[in-house]
Amino acid sequence: MAQKRPISVLKIALAFLASAPLAWLSYLIVLEVAQPTSGLGPDPAEGLLHYLGEWSMIMLLVAFSVTPLRRIFKQPLLVRSRRMMGLFAFSYVVLHLLVYVVLYVELSMQLLLEGFVERTYITAGIGAFFGLLAMAVTSTKGWRRRLGQNWLRLHKVIYLVVPLALLHLIWLRKDGFGDIALYIIWFAILLGERGYQVRKSRKAATV
Amino acid sequence: MLIGKSPKIPTSEIISETNYLNRRNFIGQSAALIAGSSLLGSAQAGLQPDDEITPEDIVTQFNNFYEFGTDKSDPFENAHKMTTDPWTVNVSGEAKKTGDFAFEDIIKGMTAEERIYRFRCVEAWSMVVPWMGIPLKKILQQFEPTGNAKYVEFKTLVRPEEMPGQSSFFSSIDWPYTEGLRMDEAYNPLSIMVTGLFGKELPNQNGAPWRLMVPWKYGFKSVKSIVSIRFTDKEPLNTWQQLQASEYGFYANVNPAVSHPRWSQASERRLPSTLFNTNRRPTLPFNGYAEEVAHLYQGMDLKKFF
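Residue positions are given per chain, counting from 1 as you read along its sequence in written order. Chains and ligands are labelled by the order in which they are written, letters from A for the one and numbers from 1 for the other. With pLDDT at 70 or above as the cut-off, local features in this predicted model cover only qualifying residues; side-chain atom pairs require 80 or more to be listed or tallied, and sums for whole chains, interfaces and linings still use all residues.

Peer 1: What's the story with unusual backbone geometry in this structure? I'm lost.
Peer 2: In terms of backbone geometry, most residues other than glycine have negative phi values and most peptide bonds are trans. Residue and element names in this part refer to chain B. In the segment running from Trp175 into Pro176, the intervening peptide bond is cis, with an omega of 5 degrees. Helix numbering and strand numbering both begin at the N terminus, where a helix is a DSSP run of H or I of at least 4 residues and a strand a DSSP run of E of at least 2. Within the secondary structure, Pro176 sits in the loop between strand S5 (151-156) and strand S6 (178-182). With omega at 0 degrees, the peptide bond leading from Leu271 into Pro272 counts as cis. Mapped onto the elements of the fold, Pro272 is located in the loop between strand S11 (267-270) and strand S12 (280-282).

Peer 1: For this particular structure, what's the right way to read the interface of chain A and chain B?
Peer 2: Size of an interface, as often reported, equals the accessible area lost when the parts are brought together. In this assembly, 25 residues from chain A lie in contact with 22 residues from chain B. Of all the elements in the fold, those that place two or more residues in the side of chain A that touches chain B are helix H1 (9-34), helix H2 (44-73), helix H3 (82-104), helix H4 (109-118), helix H5 (120-137) and helix H9 (178-206) of chain A. The biggest single contributor to the side of chain A that touches chain B is H4 of chain A, with 3 residues. For the side of chain A that touches chain B, the residue count by class is 13 nonpolar, 5 polar and 7 charged. Here, residues touch in the contact sense if the C-beta positions derived from the backbone fall within 7 Å of one another. Just so you know the grouping, Ala, Val, Leu, Ile, Met, Phe, Trp, Tyr, Cys and Pro go in nonpolar, Asp, Glu, Lys and Arg go in charged, and all remaining residues, Gly too, go in polar.

Peer 1: I'm lost on the sheet that holds S6 of chain B in this one. Help?
Peer 2: Remark on secondary structure: sheet strands pair via backbone hydrogen bonds, oriented parallel or antiparallel. Residue and element names in this part refer to chain B. Pairing is mixed across the open sheet formed by 5 strands, whose spatial order is S2-S1-S10-S5-S6. A strand with exactly one partner marks an edge of an open sheet, and here the two such strands are strand S2 (99-102) and S6. Sheet twist, expressed as the average angle between the axes of neighbouring strands with direction ignored, equals 20 degrees. A strand pair is defined by DSSP finding two or more bridges across the two strands. In terms of strand pairing, strand S1 (residues 88-93) meets strand S10 (residues 226-232) through 4 bridges, oriented parallel. Counted as the bridge partner of Gly93 is Phe231 from S10. In this analysis an axis means a line fitted to C-alpha atoms, helices contributing only their contacting stretch, and an angle means the value between N-to-C directions, from 0 to 180 degrees.

Peer 1: Would you explain the packing of H3 of chain A against H5 of chain A in this entry?
Peer 2: Angle between the axes and distance between the axes: these two values describe a pair of packed helices. Residue and element names in this part refer to chain A. Two elements in contact, H3 and H5, have axes whose closest approach is 10 Å; the angle formed by their N-to-C orientations is 135 degrees. Between H3 and H5, the angle falls in the class oblique. Where H3 crosses over H5, the handedness of that crossing is left-handed. Every residue of H5 that contacts H3 at Gly86, Leu87, Phe90, Val93 and Leu97 is listed here: Phe129, Leu132, Met135 and Ala136. Of the residues that constitute the contact of H3 with H5, the class distribution is 8 nonpolar, 1 polar and no charged. Relative orientations are named as follows: roughly parallel for angles under 35 degrees, roughly antiparallel for angles over 145 degrees, roughly perpendicular for angles from 65 to 115 degrees, and oblique for any other angle. A clockwise turn of the near helix away from the far one marks a right-handed crossing, whereas an anticlockwise turn of less than a right angle marks a left-handed crossing.

Okay, structure coming up:
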């Protein structure tokens with residue numbers, strides 16, 4: 001039986017920060033319900049959808065940044081927050097998907113199927129969702145133990161999830177790629193750091 | 001050395017004060033006209049029973065006008081920077097009367113009439129908008145297009161210092177924004193040049209001082225803040241087709257049967273929608289104006305010429 005560790009201040013602070021966009025969103029929704037078009041604009045379902053989509057992307061990259069940040073700042077405490085940040089990202093994605101299914105296409109099976117099949121950006125988004133779903137389900141200690149070495153292999157799916165999420169955004173957007181450029185640069189830096197670590201450890205192994 | 005640059009015309013020559021006053025009168029008259037027509041409750045051609053006019057604050061604050069940024073709220077926030085007076089329009093190509101014209105002179109003596117049209121964006125949302133406009137045919141004919149004029153091309157103002165979207169590093173649009181119509185489309189009675197909105201002067205974010213409105217086509221065809229009209233025998237390459245020819249064609253007729261890679265065109269969300277009701281309704285062929293315009297495309301494969 002593992003010893004219960006105290007929850008670190010760092011972890012609480014991170015949870016607080018990661019929930020802030022949801023708090024702000026709740027405020028917008030209250031405005032919107034009180035007076036239509038005041039909080040989320042004339043197209044509130046789409047406003048909500050895009051807000052959650054944007055934050056899903058950011059949270060995904062934040063979760064992906066935990067491991068390298070731990071290495072850079074030599075801060076092992078950070079890794080205890082990795083699962084939490086991943087689950088935050090997953091929660092934003094679930095909310096994004098729920099808004100799409102319930103509020104945007106209003107549970108129309110025909111529109112849903114048509115979207116999944118005909119709209120490549122939706123296909124990419126759904127692919128990313130299932131990757132994250134597999135990670136979220138197996139994120140418990142029990143699954144980690146049961147899967148052993150395969151757990152690490154399975155969680156490498158993140159290297160597919162992030163590019164799929166980026167494609168989802170790129171294929172949707174008509175023009176104005178400022179935020180996307182930022183996400184791609186962020187992702188590229190994280191990949192570069194991981195590549196560097198792999199090379200370093202290989203070198204160490206051959207010496 | 002600069003070649004082919006048009007001579008600089010002093011502002012005083014482009015627009016005299018009387019013309020300036022005429023422009024204000026013109027708007028005033030139009031406003032009177034709209035008031036009259038609503039008193040009479042005149043029925044508008046092609047309007048469906050459930051077509052309710054979209055509230056003014058939505059029509060003027062939810063816009064796609066990428067010259068001012070790509071967010072729907074950017075045009076409302078930034079368009080006030082655009083100078084629309086004086087406004088010069090260059091007319092060129094296959095016409096007898098070409099050159100630079102003051103906007104006031106072009107519309108002099110013409111009265112804008114109210115046209116309530118459905119407005120369908122390619123992004124699958126729609127509005128119902130009370131435009132004030134002049135039949136496009138009336139405007140184009142004064143330049144006496146020749147027999148070689150098969151198409152007419154329009155261009156939007158380029159002025160990055162007043163239009164922040166045009167200097168954006170993250171935009172892939174090659175300014176000026178360009179659109180075009182076949183001459184018979186331009187001469188269709190539904191095609192108008194809009195100079196007013198809700199009985200008032202056309203706001204900058206909606207394309208002041210004048211913009212095209214062709215209600216049976218997706219909104220991006222209705223080019224805003226026009227500074228160039230060119231008559232040509234070749235099909236103009238419009239901006240969105242230039243960016244993504246597989247997704248946007250020249251015709252861009254509203255067509256529920258032709259799906260777009262990013263949006264289903266079978267239905268649309270009529271704005272304003274609420275959080276729990278997207279106000280979704282089926283999209284009609286030619287945006288419900290088939291009776292007026294379908295004959296223009298007889299024998300054409302609309303899946304190919306989308």
